[in-house]
Amino acid sequence: MDLLPSFLRPLTTSALLLAAVTLALPARADDPPTPLEDNQRITEGYIAIAYELSGLLDPTLQPGGSSNVRPNWFVFAPHASRTGGEGMLATALARRLIETARGQPSLTLLHALDRLGLVGTVRITVENLSLELILRGLPTDAAASLASLITAMNGGALADSRTLTTTASRFASLYWSAPGSLPLDKAESVIITLERTLHEGNLAIFTDIGGSALLYLDWRRSVTGAITPARVLSEFSLPDAVSQEAQLAYTYAVAHANDTPRPYQFASIFPGMHWKSLLVAAFALYEEARLAPTPAARDALIAMGNNYVAWREQHDMAQPVFSPAVASTDEVSRSALLQALTPMLSTDFGTLKWNYSDYAYSQPDRDGSILTSPPTEYSWAVFWDRWTGILYAFDQAYGSPSALWVMPEPIVDPTAEP
């Protein structure tokens, strides 16, 4: 059966890899894809990989079907990509409001919210945040456009007045620090910063990790005979990965797969390792899991492989995007923007919802003060805050593996030219 979505047929895996790499290259001047168009292709690409790779771990899995086997990293990936797309959709709509307001400013906040097309509880949440921003000196359209960035997020986190106040203060600080002299220019700088951050992260992760998976699946089809973890470690390679390091990581994972807590502090466990080596080790672990004698042993090995892939994803691909060494002159601080959004971060893993605020409330109060809400004490731009939150999400999902197989519909860019 054909596991690929229609837009990829009849491409081979090699062609898919080329497409993945092409996504990271500068767009053609005459036909540039929008961030959402890239996101649509990436989400669909992840879905194809998820089904093919997961079919190795669960031979009963059918295209479009479901599995109760512990999900590997690539089953999480389409949902995370879709979440990024929702954020990019919010930025596209916010920019459309700004473009409209440049020609004719909104008469009232309600007028601005009508222009955004918001209804129900989402409208109420955006209205409340907008009002807080207006109280801090932002003009109506600037306030509404910035508040609308959270439309796809967990607006319920703002029901805590402490979170609402802190979020509004952080957004206002970003606005006043933004380049540009006109209010709408300042607001647009914040919006552009978020769009670029999400887009660049989406591209970087898919090109590196999605591309590595495509190479692995291509290699797997090309070899003859039984495929074992030992063959993966000795015969499969990735650019920049070190064979000896991959072997070390694999051996460690097999020995510690049942540790509680599961190993995750890899900088101290493997000092000096090139983290691309973890991807090779992860594919070997997935093969080991395929051959495991019991479901429990299989699931433990899959979880270790997931941690390896996620470390590479977050440490090497996401972190430089979220906290760049050199900031663009037309942006606000990416780190500060991600900190402002952290309490509202949310992802639907199929029928299972993960909220960063749930994670924050589950942890000891960092500052011990009732004046600050726990979610505002974390930042998605800080690697360890993000890393431990992701591990929390993994553990939640492991309790409902079939939930993730309700795959997301990739977002189609409503603002793109036909």
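Here the structure is a predicted model, which is why all the values come from computation and not from measurement.

Take helix α6 (residues 140-147) next. For α6, the buried fraction is high: seven of the eight residues fall into the buried class. Taken together, the buried positions of α6 are occupied by Asp141, Ala142, Ala143, Ala144, Ser145, Leu146 and Ala147. Of the surrounding elements, those touching the buried residues of α6 are α3 (73-103), α4 (109-116), α5 (120-135), α7 (161-177) and α8 (183-222).

The next subject is the pairing of strand β2 (residues 352-355). Here strand β1 (residues 346-349) runs beside β2; their pairing, made up of four bridges, is antiparallel. Bridge pairing in β2 places aspartate 348 opposite lysine 353. Counting the residues between successive antiparallel strands, the hairpin from β1 to β2 contains two residues, one of them, glycine 350, with a positive phi of roughly 70°.

On to the environment of glutamate 52, then. Its place among the elements puts glutamate 52 in helix α2 (residues 35-57). Expressed as a C-alpha distance, the spacing of glutamate 52 and glutamine 62, which sit 10 residues apart in the sequence, is 9.4 Å.

Attention shifts here to the side chain of asparagine 39. The topology assignment puts asparagine 39 in helix α2. In terms of polar contacts, asparagine 39 uses its side chain to reach the backbone carbonyl oxygen of serine 81, at 2.8 Å. Each residue touching asparagine 39, except ones within four places of it in the same chain, is listed here: Ser81, Gly84, Gly85, Met88 and Asn202.

When pLDDT drops low, the exact placement of atoms in the prediction is not to be read closely. Chain-level statistics for the protein chain give a pLDDT mean of 93 and a share of 92% at 70 or above. Counted against residues more than four places away or in other chains, residues 1-29, with its pLDDT under 50, gives 43 contacts.

Attention now moves to the packing of aromatic side chains. Within this structure, the stated rule accounts for 35 aromatic pairs. Summarising the aromatic geometry, the rings of tryptophan 275 and tryptophan 311 are spaced 5.5 Å apart at their centres and angled 70° between planes, so their arrangement reads as edge-to-face. In this pair, tryptophan 275 is assigned in the loop between α11 (266-269) and α12 (276-290) and tryptophan 311 in helix α13 (residues 295-322), connecting sequence segments 36 residues apart. For tryptophan 311, a relative accessible area of 1% translates into the label buried. The side chain of arginine 70 reaches across the aromatic face of tyrosine 398, ending 4.2 Å from its centre. Taking the ring centre of tyrosine 378 as reference, the NZ or CZ of arginine 366 above it sits at 3.8 Å.

Let's shift gears to the nonpolar core. By size, the foremost hydrophobic cluster in this structure holds 85 residues, and its most contacted members are Trp73, Phe74 and Tyr308. With residues near it in sequence (within four places) discarded, phenylalanine 74 still touches Tyr46, Ile49, Ala50, Leu53, Ile209, Gly210, Ala213, Phe283 and Tyr286. Leu133, Ala142, Leu146 and Ala187 belong to the second largest nonpolar core, which has 40 residues in total.

Two numbers describe how α3 lies on α4: the axes approach to 10 Å, and their chain directions differ by 125°. One element, α3, and the other, α4, form an angle in the oblique class. Seen along the crossing, α3 lies across α4 with a hand that is right-handed. Here α3 contributes Leu93, Leu97, Thr100 and Ala101 to the contact with α4, which in turn contributes Ala112, Arg115 and Leu116.

A separate point is the environment of isoleucine 192. Within the secondary structure, isoleucine 192 is located in helix α8. Here isoleucine 192 falls in the buried class, since its relative accessible area comes to 16%. Between the alpha carbons of isoleucine 192 and tryptophan 275 there is a distance of 30 Å; along the sequence they are 83 residues apart.

Where side chains of opposite charge bring their charged atoms close, a pairing between them can arise. Inspection of the entire model under this criterion finds 25 salt bridges. Note that arginine 262 and aspartate 395 form a salt bridge whose closest N and O atoms lie 3.6 Å from each other. Pair noted here: arginine 262 is in the loop between α10 (243-256) and α11 and aspartate 395 is in helix α16 (residues 383-398), with a separation of 133 residues, a long-range link. Residue arginine 262 is classed as partly exposed on the basis of its relative accessible area of 22%. Through salt bridges with shared partners, one network takes in Arg95, Arg102, Asp185, Glu188 and Glu195.

A few words on unusual backbone geometry. In this structure, proline 261 follows threonine 260 across a cis peptide bond, with omega equal to 0°. The phi dihedral of aspartate 240 is positive, around 80°, even though this residue is not glycine. Tracing the backbone through its elements, the reader meets aspartate 240 in the loop between α9 (229-235) and α10.

The next point concerns the side chain of serine 357. Tracing the backbone through its elements, the reader meets serine 357 in helix α15 (residues 356-362). On the accessibility criterion, serine 357 (6% relative accessible area) is buried. Ignoring any residue separated from it by four or fewer positions in sequence, one finds serine 357 in contact with Asn154, Ala157, Pro343 and Pro375.

Reading the values: the criteria
- Residues numbered from 1 in each chain as written.
- Predicted model: local features only at pLDDT ≥ 70, side-chain atom pairs only at ≥ 80, totals over all residues.
- Heavy atoms only, no water.
- Buried < 20%, exposed > 50% of the residue type's maximum accessible area, 1.4 Å probe, protein only.
- Helix = DSSP H or I, 4+ residues; strand = E, 2+ residues; numbered from the N terminus.
- Contact = heavy atoms within 4.5 Å.
- Pairing = 2+ DSSP bridges.
- Polar contact = N/O pair within 3.5 Å; in protein donor to acceptor, adjacent residues only side chain to side chain.
- pLDDT = per-residue confidence, 0-100.
- Phe/Tyr/Trp six-rings, centres within 6.5 Å; stacked < 30°, edge-to-face > 60°.
- Lys NZ or Arg CZ within 6 Å of the ring centre and 35° of its normal.
- Core = buried A, V, L, I, M, F, W, Y, C linked by side-chain atoms within 4.5 Å.
- Axes fitted to C-alpha atoms, helices over the stretch in contact; angles between N-to-C directions.
- Parallel < 35°, antiparallel > 145°, perpendicular 65-115°, else oblique.
- Left-handed = near helix turned anticlockwise from the far one by under 90°.
- Salt bridge = Lys/Arg side-chain N within 4 Å of Asp/Glu carboxyl O.

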